[in-house]
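Residue-level structural notes
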Amino acid sequence: MMLCMFTTLTVQAQSADERIGILMNESRWFELERELKNTPADSVNPFLHKMAAAITHHYFNRPDSACIVLGDLLNNHQKELGDNTFSMAMLMGMNLARTGRYTEAADLIQNLYDQLKTQGADSTQTDGLLILVRQYRAFADNAPVCRPLHPAGTYRIPMRTHNAMHEARNMTDNGHFITMDGHINGSESSLVFDTGAGVNIISSNQARDYGLRLLDAVTPMSGIGTQQGRYAMADTLRIGDMAWANVPFLIVDIQTGNQEADSIGTLLPPVIGLPVMLCMEKVLLDFEHRQFVIPAGAPHSMPGGSNLLRTDNEGLRIESADENGQPVYFHFDTDGYDTTLSPCWYNRHKDEVQAAGTADSLSVAGVGGVNITRSYRLPHKQFRIGNGTAVLDSVMVDTGIDLHTGDLKKAHYLTDEPDGTLGLSTLEHFRSVILDFKEMYIDAIPY
C-alpha cells in the first residue's frame, strides 16, 4: 500500500533545515539518510530532525527505532504534525507490523479507518486500511510469524537455475531464475529467489498440494496490473538446513490475459520473497561457486552507507550510478532476468537514447496483464553496484508507449517511478553479490 506522503513542510530559514525539508518533500530518501548522518542534530530544528529520523528509520528497515520516534511524534507533537499526522500514524502501523506487533498495528489502523469513516471518506480512501487490518489480525492469530527453528550459524545452500519458462518461450538470451531447494510442510519443492517479491507467492494448486492453511485475509497484488490474492500459512518452510514456522504465502494464480503467457506461468515454482530474506538478514549470492551463503556475521561494512531501501509497497530500491557518475535508482528484481531503463529515465534522456539507440519493442508479462511497448536498445551501458561495476553489452530502454495504440502504459508496481529495473543478468557479471537487509546495502565483488 503506497502512502500519501507529506504536505509541504514549513521550515526555518536555516541551511540544514532547508536541505532536510527539501529532501523530505522530494522523497530523496538516500540523500536524506546521508544528510542526517553528516549533520549535527543540534543544528536542525528538533521537530524536523525527529520527523526525518522517523522516515529514514522506516525506509532503511529499522522498524524498532521507527516505532520509538513515531510514538514520540504522535504523542507529543500532534500540533506540529498537522496534516502529516495521518501519514505518520500509517508509518507507525506499518512498523508495528514489521516488528511483529500485529495486534497493536491492527488496532491503530482500525482507529484510522474509523476516523476516516466518521469524516465521510469514501471507499477508495478506506478499503486499503481494512485490507491491512484483516491481514494484521490474521497474522496476530498465527504469531510468531516466520519463527526460526534453526540455530544461529553460517548456512550454505546450492544455487540452482530454473529456465523452464524461458525455454517454453524459445528465448535465446539465457534468461533464467535462481532457485533454492526447499521443503514446504515437509514436501520437497524448488523455490525461486525473488528480490522483487514483497510477499512469498504460491499458486492455488501448490497451496493445496502442500497443505497450506487458508487465512481470512486478502490483498491486491500489483504487477503489470493487479490481481486479488489470499494469504495462507505454511506450518514449516525449510531451505537447506534453515527452517521457519508459520510462514505466510500469498496465493495468486497469475493471469495476464495472454493464453501463452498464462500457460507458461504454471511452470513457476513457489516464490520466496522479502519476508524470508529479511529473516536471513544477510545473503551472499556466490555465483562463482553457485551457492547462497547466509553468514553468521556481517560480511563487511559499506563505507559509503546504505544503498538499498525498503519501499512502502515492500519492494527494494537500489541506488546505483552510470558511467558518468549520475545516480540511477533501480527497482531490484531477480525474478526479471534483464536490466531495463524505465520511461521515467527515457523522458530525461530522450535525445541521447534516440541518437545512440536502436528502435525495438519490449514485451513484459506479469500479474494482471502484458505490456508490449516501444523501446530502444542502448549499447554498452555501465552501472555501479556498491563497489563493483558491470558493463552491459546492451540495455533496453522502455518508452512506456504502447507498440500498437500509442497510449502510455504504466506497470502498477512501479507507481513511484524508479529509473529502471535491475535484474539477474547484471548480478551475474560479478563473482558474488552481498545483500545485507540489516544494514541495507548491496555490494558486488568482481571476478
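The residue numbering used here restarts from 1 in each chain and proceeds along that chain's sequence as written. Whole-chain, interface and lining totals are the exception, using all residues; otherwise, since this is a predicted model, local features are given only for residues with pLDDT of at least 70 and side-chain atom pairs are given and counted only at 80 or more. Hydrogens are left out, water is left out, and the side-chain values use all remaining heavy atoms of the structure.

1. Let's talk about the pattern of salt bridges
Counted only if it meets this: Salt-bridge detection follows one rule: a side-chain nitrogen of Lys or Arg within 4 Å of a carboxyl oxygen of Asp or Glu. Strands are runs of DSSP state E lasting at least two residues, helices are runs of H or I lasting at least four, and both sets are numbered from the N terminus onward. Whether a residue is buried, partly exposed or exposed follows from its accessible area with a 1.4 Å probe, protein chains only, as a fraction of its type maximum: under 20%, in between, or over 50%, in that order.
Taken as a whole, this structure holds 19 salt bridges when the rule is applied. For the salt bridge of Arg160 with Asp181, the shortest nitrogen-to-oxygen distance reads 2.9 Å. Separated by 21 residues along the polypeptide, Arg160 in strand S3 (residues 160-162) and Asp181 in strand S4 (residues 177-184) bring together distant segments of the chain. When its relative accessible area of 39% is taken as the criterion, Arg160 is described as partly exposed. One salt bridge connects Glu352 with Lys381, and the closest N-O pair in it is separated by 3.5 Å.

2. A short note on the environment of Tyr441
By secondary structure assignment, the location of Tyr441 is in strand S22 (residues 441-445). A relative accessible area of 3% places Tyr441 in the buried class. For the pair formed by Tyr441 and Ile385, sequence separation is 56 residues and the distance between their alpha carbons is 9.7 Å.

3. Considerations on the nonpolar core
The test is simple: Throughout, nonpolar core names a set of buried Ala, Val, Leu, Ile, Met, Phe, Trp, Tyr and Cys residues whose side chains join them through atoms within 4.5 Å. What makes two residues a contact is simply this: any of their non-hydrogen atoms within 4.5 Å.
Residues Ile239, Leu285 and Phe292 are the most contacted members of the largest nonpolar core, which totals 124 residues. Not counting chain neighbours up to four residues away, the residues in contact with Ile239 comprise Ile157, Met180, Asp181, Gly182, Leu191, Trp244, Ile272, Val276 and Met280.

4. Things to note about the side chain of Arg98
What counts here: Two N or O atoms count as a polar contact when they lie within 3.5 Å, although within protein this holds only if one can serve as hydrogen donor and the other as acceptor, and sequence-adjacent residues are included solely when both atoms are side-chain atoms.
Here Arg98 lies in helix H6 (residues 85-98). Look at Arg98 and you get buried, because its relative accessible area is 17%. A distance of 3.1 Å separates polar atoms of two side chains, one belonging to Arg98 and the other to Glu314. When sequence neighbours within four positions are dropped, the list of residues in contact with Arg98 reads His58, Pro63, Arg310, Thr311 and Glu314.

5. Re the sheet that holds strand S21 (residues 432-436)
Spelled out, the test is: Any two strands with at least two DSSP-identified bridges between them are counted as paired. Throughout, an axis means a line fitted to C-alpha atoms (over the contacting stretch in the case of helices), and angles, computed between N-to-C directions, take values from 0 to 180 degrees.
Strand order in the open sheet made by the five strands is S2-S12-S11-S21-S22, with antiparallel pairing throughout. With partners counted over all chains shown, the strands left at the sheet margins are strand S2 (155-158) and S22, one partner each. Between one strand axis and the next, the sheet turns by 15° as a mean value, whatever way the strands run. For S21 and S22, the ladder comprises five bridges, and the chain directions are antiparallel. For Val433, the partnering residue across the bridge sits in S22 and is Ala444.

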